Amino acid sequence: MTNTSMNEASSAGAKHVDAVVVGAGFAGLYMLLLLRDRLGLDVVGLEAADGIGGVWYWNRYPGARCDIASCDYSYSFSEELQQEWTWPEKYPAQPDILAYLEHVAERFDLKRSFQFDTRVIRADFDERSNRWRIETAHGTRFVAKYFIPATGVLSEGNVPEFKGRENFAGRNCFTGRWPKGGVDFSGKRVGIIGTGATAMQAIPIIAEQAAHLYVFQRTPSFGVPLQNEPMSAEEDRRIKAAYPRIRRAARESFGGLSLLEARPSALADSPAERRAHYESRYQAGGFSVWFGSYSDIFFDATANETAAEFVRQKIRERVKDPAVAALLCPRPGVTYGTKRQPCESGYFEAFNRDNVTLVDIHRAPIEEITPQGLRTADASYEFDYLIYATGFDAFTGALFRMNITGCQGLSLNKYWSAGPRSYLGIATSGFPNMFNITGPQSPSVFYNFPPGIEMHCEWIADCIRFMEAHGLARIDADAEHEEAWLRHIVELADATLMPKASSWYMGDNIPGKPRVFMFYLGGGQKYRALIDQEAANRYPGFNFVAEDTAQADASKG
Ligand code: FAD
Ligand code: N01
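Residues numbered from 1 in each chain as written. Chains lettered and ligands numbered in written order. Predicted model: local features only at pLDDT ≥ 70, side-chain atom pairs only at ≥ 80, totals over all residues. Heavy atoms only, no water.

A. The arrangement of the environment of Leu 424 in detail. Following the sequence through the fold, Leu 424 ends up in the loop between α14 (412-415) and α15 (449-469). For the pair Leu 424 and Gly 54, spaced 370 residues apart in the sequence, the C-alpha separation amounts to 24 Å. Those residues in contact with Leu 424 that lie beyond four places of it in its chain are Gln 441, Ser 442, His 456, Trp 485, Tyr 527, Ile 531 and Glu 534. (Helix = DSSP H or I, 4+ residues; strand = E, 2+ residues; numbered from the N terminus. Contact = heavy atoms within 4.5 Å.)

B. Highlighting the layout of surface pockets. Here the second largest pocket defines a volume of roughly 480 Å³. Lining the second largest pocket are 19 residues, with Phe 254, Ala 262, Phe 291, Ser 295 and Phe 298 sitting closest to its centre. Residues belonging to the lining of the second largest pocket are distributed by class as follows: 13 nonpolar, five polar and one charged. (1 Å grid on protein atoms, 1.4 Å probe; cavity = no way out; pocket = protein on both sides within 12 Å on 5 of 7 lines; lining within 4 Å. Points joined across faces, edges and corners; volume = space filled by probe spheres on them. Nonpolar A, V, L, I, M, F, W, Y, C, P; charged D, E, K, R; others polar.)

C. Representation of the environment of Ile 97 in the model. Residue placement: Ile 97 occurs in helix α5 (residues 94-107). Taking relative accessible area as the criterion, Ile 97 reaches 0% and is therefore assigned buried. Along the sequence, Ile 97 and Ser 70 sit 27 residues apart, while their C-alpha atoms lie 8.9 Å from each other. Ignoring anything within four residues of it in the chain, the contact list for Ile 97 reads Phe 26, Trp 56, Cys 66, Tyr 73, Trp 87 and Pro 92. (Buried < 20%, exposed > 50% of the residue type's maximum accessible area, 1.4 Å probe, protein only.)

D. Looking closely at the sheet that holds strand β6 (residues 141-149). The seven strands are arranged β3-β2-β1-β6-β5-β4-β17 in an open sheet whose pairing can be described as mixed. Two strands in the sheet have a free side with no partner beyond their single neighbour: β3 (114-115) and β17 (404-405). (Pairing = 2+ DSSP bridges.)

E. Broad picture of the site of ligand 1. Residues in close proximity to ligand 1 total 32 residues, the closest being Ala 27, Glu 47, Val 55, Asp 67 and Tyr 73. Within the contact set of ligand 1, an oxygen atom lies 2.9 Å away from a backbone nitrogen or oxygen of Ala 27. Separating an oxygen atom of ligand 1 from a backbone N or O atom of Asp 67 is a distance of 2.9 Å. Bound to the protein, ligand 1 loses 95% of the 990 Å² it would expose on its own. Of all elements in the fold, only α2 (26-38), α3 (55-58) and α15 reach the threshold of two or more residues within the shell around ligand 1. Ranked by the residues each element gives to the shell around ligand 1, the list is headed by α3, at three residues. (Near = heavy atom within 4 Å. Polar contact = N/O pair within 3.5 Å; in protein donor to acceptor, adjacent residues only side chain to side chain. Areas by Shrake-Rupley, 256 points an atom, 1.4 Å probe, with all protein chains shown as cover.)

F. Local environment of the domain arrangement of the protein. Its domain assignment divides the protein into domain 1 (3-155 + 394-555), domain 2 (159-221 + 342-391) and domain 3 (259-338). Using only C-alpha atoms to locate each centre, domain 1 and domain 3 end up separated by 35 Å. Facing 13 residues of domain 1, the contacting portion of domain 3 comprises 16 residues. Buried area between domain 1 and domain 3, summed over both chains or domains, comes out near 1000 Å², and the portion from carbon and sulfur atoms is 69%. Three residues, Phe 446, Leu 497 and Met 498, lead the burial of domain 1 against domain 3; their summed loss comes to 46% of the area buried on that side. Along the contact surface separating domain 1 from domain 3 lie zero salt bridges. Seen at the junction of domain 1 and domain 3, the total is one residue pair in polar contact (both at pLDDT 80 or more). (Domains from an automatic or database assignment. Buried area = accessible area lost by both parts, 1.4 Å probe. Salt bridge = Lys/Arg side-chain N within 4 Å of Asp/Glu carboxyl O.)

Here you go:
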C-alpha cells in the first residue's frame, strides 16, 4: 500500500473534527470549553471513565480530599461560577470536588461534547494532511487537526507485581480505582500496602471501621496536619468578596497558592525563633510548613534538617509507643519536602489504636502475596481485604499508554525513553499540533493544579486562535529550543536538594523508569512570564507550516 492509500484507509469511516481533547478532569473540561465555546471549533472529548472528574472520579477511597484550600483549588475563569458555588469545608473532600466538577459540566453544557467509556489507544500524526488520527479501544476513529491529551499526571496507577498477587483469595482494592459504592470494612481484617499521601488519608478512617488493620510501610513519610475545618457562612462570604485578591495573590506566587510567605533562611533564626515559626506553620496546616516556613529548606541540607527534625519531633509527640514512633519517623538523612508533602488528619494517632499494626517492610520485605494475605521475610499476615495504596506511574504513564506516533514514525515512548523532552513543557518536537497540559517539564505538580491548568489551557487556546487566524496548518516545537529547555529544567533542579531524594518526582517508584527530574522548578510567576512572552513574540521557539504550503506539498505527493 502506498502512503496515500494507507492514510486514506485509516481515515475512512473516521469522524473529522478540529480538535480531540482526551480526558474529562479539570484540564479536559476547561480545554474543551475554550476551544468549543470561545474559539467556535468542532471539538470532541474522549474519556475512559463513564463520567467526568478525572482524579476525583477515580480516587473515591475513604478520606480522599484535597490538601489545597477550596478557594485556591477551583476554577477562576468565571466570576459567576466562583460566586454561586459554596464549598462545605476549607479543604474539600472527593465527593464535593466531584459535585463541583459536575456542576461546572452542567453549567457550561460540557457533557454533550464528550464520549465516555472511551479509551484512546493510538494516535498518529499524518505529515501529509497535518492531521492526527486517533483510535479508541472501541475501534472508533477520529481525524483532528489538534490533539490535546488532558490525561493527567497522576491518572495511571502503579500496582507492583508482587509474586503471587493473583492468588489472594480475599478482595483486592487499588485506591486510584476505588469502587463507586464504596467498600464496607466493618468487622474485617484489612491489609494496606503503602504510606504515601493516599494511605495517610485512608488509614485513620479504615482503622475506625476494620476489625484489624495491618499497615505495610517501606518508607515513612513526613506527614503534617491538614487542619481542615467546616466553612462557616461568614468565611464563605469573606472569601467570595476577596476572590479578586485571592486569585491575584495565587497568580503572583511561586506555587499558585494565595496565602503563604516563607522566610528566607531557617539558619538565620535562633533555635527558639525557628521552633516558634515551624510551630505556627504546623498549626496553620496544609502546605504551611512546606511552602511557608523557610525558602532555604529546598537548597541547604542543614536548613532542611531543622524542618525534618521538627516534623520528626511532632511524630514522636503524637505516637504513644516509642518503637512505633521511631518506625514512623523518616530515617536520619532523609530530607524534608523533597518529595510531595502529605497532609493528614489523625494519621499518627491511628497507630495508638489496638487494632492497628505497623509492619516494617523495609527491614523484612514482602516476599509473596498468599491466598490468605501476605508473607514477608519474617512473618505471615492474614486478612480479608488487601488495599494497594501504591501510587502512580506519574507524568508519562497515561501518555505512553496512548501509543502516540509523531513525524517520521517516531513514537513518543521511544523519543522520551531517556526522559521527557519538550519546549516549555507544552509541546514536543516532532509531535506537531499536540499540546500538553500541566505535563512534564512544566510547573506541573509543584504548582496548584486548577490555576496551572487554566494557564496552560488559555495559552493553548490563544495559540490555536493565532494559527487559525493566520492560516497555519502545523506548529512544531523547535528542537534547539527543546534542548535548551531540558538543560534549564536540569539546572534549576540541580540547584536544589530535590533530585537527591528518592521519589515519584524522579520516576523512582517505577522499576526501569529513567531517573530524571520531571518538572520546572522556577516557580509559577516566572513560568507564566516565559510562556506569555513566547506568545507575545509570536512563538519564536516553534516552527510553523502554512495551510497553503501544506496543501501544495500534499498535491505534489
Ligand atoms: P486528571 O484529573 O487525572 O484527568 C485525566 C483524565 O484522563 C482521567 O479522567 C482519565 O480517565 C483520562 N484518561 C487518561 N488516559 C486516557 C485515555 N488513554 N483515553 C481516555 N481517557 C484517558 N493537585 C493539587 O493541586 N492539589 C491537591 O490537593 C491534589 N490532590 C490530589 C489527590 C489525589 C488522590 C490525586 C491522585 C491527585 C491530586 N492532585 C492534587 C493532582 C491532580 O492530578 C490534579 O489536581 C488534577 O486533578 C489534575 O487534573 P487533570 O484534568 O489534569 O487530570
Ligand atoms: O502514592 P506514593 P500516593 N513495595 O507514590 C509504597 C497525590 N495525592 O498515591 O515510598 C512496598 O506517594 C511506597 O513506598 P516507597 C500527591 O501528589 C494527593 O500515596 O516507594 N511499598 C509509598 O509508601 C501524592 O504524592 C493527596 O518505599 C510500595 C506508597 O506505596 C501522589 O498523589 C492524596 C511498593 C506510594 O506512595 C501519590 O500519592 C493522595 C512496593 N513495591 C494523593 N510500591 C492529597 O492529599 C509502592 N509502595 C491532596
